[in-house]
Each structure stands twice: as structure tokens, then as C-alpha cells.
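Structural characterization, general
Residues per chain are reported as follows:
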Amino acid sequence: MARMTGRRALFAVPVLLLVTFGVFAVAAASPFDPVKAYAGTAGLTASQENLDQLRLNLGVDQPLVSRWWHWLTSALTGDLGDSSVMRQPVADVIAERIGWSVLLAATAFAVAIVLGTALGVLAARRRGGWLDRGVSSAAYTLEAAPAFWLGLLAIWFFALRLGALPAGGLTDTASDTVTFGQVLSHLVLPAAVLGISQLPWFFLYVRQGVADALDEDPVRGARARGLDERTVLLGHALRSGMLPMLTLIGSRVPELITGALLVETVFSWPGIAAATVQAATSVDFPLLAALTVLATAAVLLGNLVSDLLYGLADPRVGFDG
């Protein structure tokens, strides 16, 4: 386990370097002018001399490689630079928002895994039944449904039509304090939408895995020994059928991040989505690079976790093989 983790960590270094350089390269080729974005409306009447001085202060007058190397060496010392669009250090921008994004993503992932596993087991137990046909059809439909469309539909039905849940934000409009109850009520819709957008893949993997396991000789032998159906299903078929699903966890992380950005935007959730969009449109090099590195690290970590879980669940799989 330690050897595999070490290999993955070494592999992550060149990946992160290439990703950060790619961010600066794409930003440099962008038609957006970071100086004008930083100056705002004042840039419309500013003289060329003032704009050139601002360009010098922001460091965007330097060559691409120089900007990237300066950011990289500073980041290794803990200095992620200052965000030109947020007008504050990049580290502070991330620290203020990352917790809310993690809360949303973790809750949604838990919803997708738990609900997808439960429905997958029930569908596999009665293959061809009404539950199997109904949930499978819904899963295939949800695979093609964009997260932002599900979010808008949820707002229309639960917030506008029923008035049962808030439409967005973190707290109520008239409140100036953040309380647990308000956060919980405002979390329900975005977490449910994001979780449901990820659910089809977990359901289909578990359903197929458990269905195949129920036809294997070990499970048939357990039934022949007189074990009750619940023990056979949960103690034997589910454990074997869950193995393919464990590999899915890492591969769903990129989709989870993309979906979280869309859901946060739709529900005005105070995570890193707004910062990512503003950093991209304003060509905010330091903030854009830091957020991209963060997302890439999350993807690499997700793949590592899925491999570790698979190895722990199936002793036949060697970590260092």
C-alpha cells in the first residue's frame, strides 16, 4: 500500500506541473485582457500609460514561462499570490470557499453511493420486476440530464411551486448569521440534485455486479447450505458485486467536480464555483492556476482512494504488484 501510494505521489508531480503550465498557456492565449478586467469601468477612461503601469504591477507583461515559473516557485513556499479579481490573497479565497464546496460534494457523493447501492441491490434481487424496469429506465434518462437542468427543475418544483425548500444561497434572505438549521435546509436541494446526477452510474454498476454475483457458484452454494436470502444477498452477493463499483469512485470525481460547479452556480452556493468562473473570465492567473491544481489533485486522490478500497475489499489484489 505504501509503495503504491508513493508511486502515485511521484506520478502526480509532473502531472500537476503540466496542468499548471497548461493553465497559464491557455490564459495567455485568451482574448480577455486581465488588466481591463481588473480595472473595470475605470479602465474605459484610463490612459494607456496608466494601463501599462497596471500591467506592470500585475506582472502580466512578462513572458508566459516567466509568469508560470514565478507563480510555481512562490506556490512551493506557500505563497499562491493575490487574486486580481477578488482583490485578496488566493489562499484566503480558497480557505473561505473550499469548506462549503467539500460539504456539498461529500453530501452528494454519500447520497449517490448509498441510494445507488440500495436501489441496485433491490433491482438485482428481482431482475425484470417493476422496480428493476422503472429504476433502470430512470437511471438511463438521468445519465443524459445535465446537472444544471435538474437544478432548475428542482428550484421550480420544490422552491417556487411547493415553497418547501429555499431556492438558493446559504442562509435565509433576512438573516445575517449562519446557523446549522439554515445551512441544512439550504443544502438539501443542491446536494440532492448533485447526488441524483451521479446516482445512475452507481446504481447500474451495483445492479450488474450483484446480478452477476447471484449467478456465481459461491452464492449458489450458500443458498444450498440453507442460509437465508438476506444473508446470501448482503453477506455474499453484495460484497462480490460491490467490487466493480469501487473502481467507479475515482472515475466519477471529475464529473462530480464539474457537476458541483454547475450546481453551485444554479443554487448560488458560496463554494469555489463563482471564484472559478470569475478567474476564468477575468484571466486571473494565480487564482485560476490554484483552483485547477486543487481540482487535479482531487481527481488523482479519488483514483488512489478507489484503488485502495478495491485492494482492501479483495485480498487477491496486491497493492504492490
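Here, every reference points to the structure presented above.
All of the points below concern the structure found in this document. Because the structure is a prediction, the values reported are computed rather than measured.

Judged by nonpolar contacts, the single largest core of 38 residues is most densely connected at Leu-104, Leu-194, Phe-202, Val-210 and Val-263. Mapped by element, the contributors of at least two residues to this core are α5 (90-125), α7 (147-161), α8 (180-214) and α10 (229-267).

Two elements in contact, helix α6 (residues 130-143) and α8, have axes separated by 8 Å at closest approach and are oriented at 130°. By the angle between their directions, the pair α6 and α8 is classed as oblique. For the pair α6 and α8, the crossing hand works out as left-handed. For the pair α6 and α8, contact is made by Asp-132, Val-135, Ser-136, Ala-139, Tyr-140, Leu-142 and Glu-143 and by Ile-196, Pro-200, Trp-201, Phe-203, Leu-204 and Arg-207, respectively. Of the residues in the contact of α6 with α8, the class split is nine nonpolar, one polar and three charged.

Here we take up the pattern of salt bridges. Evaluated as defined, the whole model comprises one salt bridge. With a closest N to O distance of 2.6 Å, Asp-132 and Arg-207 form a salt bridge. Of the two residues, Asp-132 is situated in helix α6 and Arg-207 in helix α8; the sequence distance between them amounts to 75 residues. This pair shows no difference in class: Asp-132 is buried, exactly as Arg-207 is.

Evaluation of the coordinates by the stated rule reveals six aromatic pairs. Aromatic side chains Trp-156 and Phe-157 sit 6.1 Å apart centroid to centroid with 45° between the ring planes, which places their arrangement in the tilted category. Exposure remark for Trp-156: the relative accessible area of 44% places this residue in the partly exposed category. Phe-157 sits in the partly exposed class, given a relative accessible area of 32%. Each residue in the set Phe-21, Trp-68 and Trp-69 is aromatic and connected to the rest through ring pairs, giving one cluster.

Moving on, we get to unusual backbone geometry. Although it is not a glycine, Ser-268 sits at a positive phi angle of roughly 55°. With respect to the helices, strands and loops of the structure, Ser-268 is situated in the loop between α10 and α11 (273-281). Its relative accessible area of 52% is what places Ser-268 among the exposed residues.

Attention now moves to α6. A turn of α-helix holds 3.6 residues, and therefore any two residues three or four places apart point the same way. Across its 14 residues, α6 extends 20 Å between first and last C-alpha, which sits within 8% of the 20 Å expected from 1.5 Å per residue. Summarising the contacts, the buried residues of α6 are in contact with α5, α7 and α8.

With that settled, consider the environment of Leu-199. Within the secondary structure, Leu-199 is located in helix α8. A residue is classified by how much of its surface remains accessible, and Leu-199, at 7% relative accessible area, is buried. When the C-alpha atoms of Leu-199 and Glu-143 are compared, they prove to be 8.7 Å apart, with 56 residues separating the residues in sequence. Among all residues touching Leu-199, those that are not within four sequence positions of it are Ala-112, Leu-115 and Gly-116.

Between α5 and α8, the shortest axis-to-axis distance is 4 Å and the interhelical angle comes to 35°. Two packed elements cross with a definite hand, and for α5 against α8 that hand is right-handed. Its residues assigned to classes, the contact of α5 with α8 shows 26 nonpolar, six polar and two charged.

Note that Ile-196 resides in helix α8. Residues Ile-196 and Ala-108, 88 residues apart in the sequence, show an inter-C-alpha distance of 7.8 Å.

So, how was this worked out
Residues numbered from 1 in each chain as written. Predicted model: local features only at pLDDT ≥ 70, side-chain atom pairs only at ≥ 80, totals over all residues. Heavy atoms only, no water. Core = buried A, V, L, I, M, F, W, Y, C linked by side-chain atoms within 4.5 Å. Buried < 20%, exposed > 50% of the residue type's maximum accessible area, 1.4 Å probe, protein only. Helix = DSSP H or I, 4+ residues; strand = E, 2+ residues; numbered from the N terminus. Axes fitted to C-alpha atoms, helices over the stretch in contact; angles between N-to-C directions. Parallel < 35°, antiparallel > 145°, perpendicular 65-115°, else oblique. Left-handed = near helix turned anticlockwise from the far one by under 90°. Contact = heavy atoms within 4.5 Å. Nonpolar A, V, L, I, M, F, W, Y, C, P; charged D, E, K, R; others polar. Salt bridge = Lys/Arg side-chain N within 4 Å of Asp/Glu carboxyl O. Phe/Tyr/Trp six-rings, centres within 6.5 Å; stacked < 30°, edge-to-face > 60°. Expected span 1.5 Å × (residues − 1).

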